[in-house]
Amino acid sequence: MKIWLDGALRDSESARVSVFDHGLTVGDGIFETVKAVDGRPFALTRHLDRLTLSARGLGLPDPDLDEVRRACAAVLEANPVPLGRLRLTYTGGHGPLGSDRGDKGPTLVVALGGTTRRPDTTAVVTVPWTRNERGALTGLKTTSYAENVVALARAHEHGATEALFGNTVGQLCEGTGSNVFVVLDGEIHTPPLHSGCLAGITRHLVAEWTGAKETDLPLDVLRDADEIFLTSTLRDVQAVHRVDERELSAAPGPVTAKAMRIFDERSAADIDP
Ligand code: PLP
């Protein structure tokens, strides 16, 4: 497999990042996961905008977006797959232990992984840990993902594929790698960004295309919601059929099924060439 590192395509077997890269030693890095269908990245400009925002949030230099675009194109061309995920990783670079930042400039890696079309429904669990809606990293897509790894392991222990977090004031926030929507009396709602959730690109498109409202929602809305669904780059729109012990009859419900249809139709067009 060919990946992009330090300005060139390289063989993934021999490509090397320093053991002193700050992405490794202190998690000082950001990333994007971009779906690629038939060699074309989906919504790439939106992902690059968010990469830049995340870089600024961490105080990293702005990524060179021309290079990132070239890297994506080169990796996709070198590894043709019908459906894949581009992983863009951008770190503080390498430098001596204890230094604030790498002294050789940031590291950019673009690699391609596989993915499959998501099942229509899934089970989720809630976790007792909270998202901090006022943290320094809130809303940034950083490589400091260990909390999500722990939460996701909890989900897997319970036969679920996603764990949902509330925030420190008891509101529904997001999943480890997805945004959450609920249907109440036929209306679609999703937590606002001030809940601490990531500004998901799928969340944004789904909200725009379905008219979903941003609403502060207590975590226990999950006990009463008529329907629940998740959105993310790799899940698209995915209905929830079980949350903790609660089974939701007939998932996907009618509102979710419509949102799935709208998303599939509209996202098939190249929204962001
Ligand atoms: N929330 C978190 C924490 C995520 O990591 C992700 C994506 O990885 C999402 C939400 C969904 O965002 P997107 O739709 O841009 O994939």
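Small disclaimer: the values here were computed from a predicted structure and weren't measured.

Calculation notes
Residues numbered from 1 in each chain as written. Predicted model: local features only at pLDDT ≥ 70, side-chain atom pairs only at ≥ 80, totals over all residues. Heavy atoms only, no water. Patch = residues over 30% accessible without salt bridge, like charges linked within 9 Å, V, L, I, M, F, W, Y side chains within 5 Å. Areas by Shrake-Rupley, 256 points an atom, 1.4 Å probe, with all protein chains shown as cover. Salt bridge = Lys/Arg side-chain N within 4 Å of Asp/Glu carboxyl O. Helix = DSSP H or I, 4+ residues; strand = E, 2+ residues; numbered from the N terminus. Buried < 20%, exposed > 50% of the residue type's maximum accessible area, 1.4 Å probe, protein only. Phe/Tyr/Trp six-rings, centres within 6.5 Å; stacked < 30°, edge-to-face > 60°. Lys NZ or Arg CZ within 6 Å of the ring centre and 35° of its normal. Core = buried A, V, L, I, M, F, W, Y, C linked by side-chain atoms within 4.5 Å. Contact = heavy atoms within 4.5 Å. Pairing = 2+ DSSP bridges. Axes fitted to C-alpha atoms, helices over the stretch in contact; angles between N-to-C directions. Near = heavy atom within 4 Å. Polar contact = N/O pair within 3.5 Å; in protein donor to acceptor, adjacent residues only side chain to side chain. Nonpolar A, V, L, I, M, F, W, Y, C, P; charged D, E, K, R; others polar.

Chemist: Lay out a nonpolar patch on the surface in plain terms, naming residues and giving numbers.
Modeler: A surface patch of nonpolar side chains, amounting to about 450 Å² of accessible area, comprises V19, F20, L24 and L97. Of note, F20 is situated in the loop between β2 (8–11) and α1 (22–25). A relative accessible area of 41% places F20 in the partly exposed class.

Chemist: Kindly report on the packing of aromatic side chains, identifying the contributing residues and their values.
Modeler: In the structure shown here, the tally under the stated rule is four aromatic pairs. Aromatic side chains F42 and F263 sit 6.5 Å apart centroid to centroid with 75° between the ring planes, which places their arrangement in the edge-to-face category. Here the residue F42 occupies a position in the loop between β4 (40–41) and α2 (44–58), and F263 occupies one in helix α7 (residues 254–268), the gap between them amounting to 221 residues. For the residue pair F42 and F263, the accessibility class agrees, reading buried in each case. Seen from their ring centres, F181 and F229 are 4.8 Å apart, and the 10° between their planes marks the pair as stacked. With F181 in strand β10 (residues 179–184) and F229 in strand β13 (residues 227–232), this pair connects stretches of sequence that are 48 residues apart. Residue F181 shares its accessibility class with F229, and that shared class is buried. These aromatic residues form a ring-pair network of at least three members: F42, W209 and F263. One residue, K35, lies across the ring of F42, its end atom 5.3 Å from the ring centre.

Chemist: Which residues make up the nonpolar core, and what values go with them?
Modeler: One broad trend across soluble globular proteins is that nonpolar side chains are buried collectively. Counting residues in hydrophobic clusters, the biggest one holds 23 residues, and the most contacted among them are W4, I30, V68, C72, L86, L88 and V110. Only β3 (29–37), α2, α3 (65–78), β5 (83–91) and β6 (107–114) provide two or more residues apiece to this core. Broken down by element, this core gets its largest block of residues, six residues, from α3. In this view, L88 contacts I30, F31, E32, V34, L48, V68, C72, V109 and V110; residues no more than four positions away in its chain are not counted.

Chemist: Provide a residue-level description of the sheet that holds β6, including the pertinent values.
Modeler: Spatial ordering of the open sheet is given by β2-β1-β6-β5-β3-β4, a layout of six strands whose pairing is antiparallel. Edge positions in the open sheet fall to β2 and β4, since each of these has one partner strand only. Across eight bridges, β5 lies against β6 in antiparallel orientation. If you follow R87 over to β6, its bridge partner there is A111. Those strands touched by α2 are β3, β4 and β5, and its axis lies near 175° from that of β3.

Chemist: Break down the environment of V124 for me, citing the residues and quoting the values.
Modeler: Within the element layout of this structure, V124 appears in strand β7 (residues 121–131). Sequence separation between V124 and S18 is 106 residues, and the spatial gap between their C-alpha atoms is 37 Å.

Chemist: How would you sum up the pairing of strand β11 (residues 187–190)? Please name residues and give values.
Modeler: Across three bridges, β10 lies against β11 in antiparallel orientation. By the bridge assignment, L184 is partnered in β11 with E187. Counted between consecutive antiparallel strands, the loop separating β10 from β11 contains two residues, among which D185 sits at a positive phi close to 50°. Bridge count for β11 against strand β12 (residues 213–214) is two bridges, and the pairing is parallel. Directly across from T190, in β12, lies its bridge partner E214.

Chemist: Now, about the site of the ligand: what can you tell me, with residues and values included?
Modeler: Taken together, 16 residues surround the ligand, and among them K141, Y145, E174, T202 and T233 come closest. For the ligand, a nitrogen atom lies 2.7 Å from a polar atom in the side chain of E174. For the ligand, an oxygen atom lies 2.6 Å from a polar atom in the side chain of T233. In isolation the ligand offers 390 Å² of accessible surface; the protein chains occlude 93% of this area. Across the shell around the ligand, the residue classes tally to three nonpolar, nine polar and four charged.

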